[in-house]
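Examining the three-dimensional arrangement
Below, each chain spelled out in residue letters.
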Amino acid sequence: MWILHSAETDADPVVFRIAPGTIKTLGRAPRADFIVEAALVSRLHCRLEVADDRIDVIDLESTNGTYVNGKRVDRARVRSGDMLQIGRVALKVERVAES
């Protein structure tokens, strides 16, 4: 199981749980799998392809870009401990053992 949670403590918390073997989209649109209502987030911002040991993030031609550990990416491999940023929302990526 993977958890993406907001890194800011003063904003409304954002938490997403994602199981391996799934593909999810993030964005402001109602059709996004995970809706992120925040400044600079595109309607369909990025897609996450989730495996047991990693997440591949693919930018969906967002206006303001997708960032992994501060670097703008079109596609990147994300591992536990990395930071994923869309718009002004920074998400810490963590892999947790299923119990």
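This section reports on the structure supplied with the text. Predicted model, so just to flag it, every value in this text is computed and none were measured.

1. Overview of the environment of Ile35
Mapping Ile35 onto the fold places it in strand 4 (residues 34-35). Taking the relative accessible area as the measure of exposure, Ile35 reaches 42% and is therefore partly exposed. Put simply, Ile35 and Ala97 are 62 residues apart on the chain and 25 Å apart in space, counted from C-alpha to C-alpha. Ile35 has contacts with Phe16, Gly27, Arg28, Ala29 and Pro30, leaving out every residue within four places of it along the chain.

2. Details of the pairing of strand 10 (residues 83-86)
Of the two faces of strand 10, the one lined by Leu84 and Ile86 is fully buried and the one lined by Met83 and Gln85 carries no buried residue. Note that strand 7 (residues 66-68) and strand 10 share three bridges and pair antiparallel. Across the sheet, Tyr67 pairs through a bridge with Gln85, a residue of strand 10. Two strands pair when backbone bridges link them, and strand 10 and strand 11 (residues 89-95) are joined in this way by four bridges, in the antiparallel orientation. Paired with Met83 across the bridge in strand 11 is Lys92. A loop of two residues connects strand 10 with strand 11, the two strands running antiparallel in sequence, and Gly87 in this loop sits at a positive phi of about 60°.

Cut-off values and rules
The residue numbers shown here count from 1 along each chain, following its written sequence. Residue-level local features of this predicted model are given only where pLDDT is at least 70; pairs of side-chain atoms are given and counted only at 80 or more, and the full residue set underlies all totals for whole chains, interfaces and linings. Excluding hydrogens and water, the side-chain values take into account all heavy atoms of the structure. Every helix listed is a DSSP run of H or I at least four residues long, and every strand listed is a run of E at least two residues long, numbered separately from the N terminus. Three exposure classes are used, based on accessible area relative to the maximum for each residue type with a 1.4 Å probe and protein chains only: buried under 20%, partly exposed in between, and exposed over 50%. Contact criterion: two residues are considered in contact whenever any of their non-hydrogen atoms come within 4.5 Å of each other. Strands were regarded as paired on the criterion that DSSP finds at least two bridges between them.

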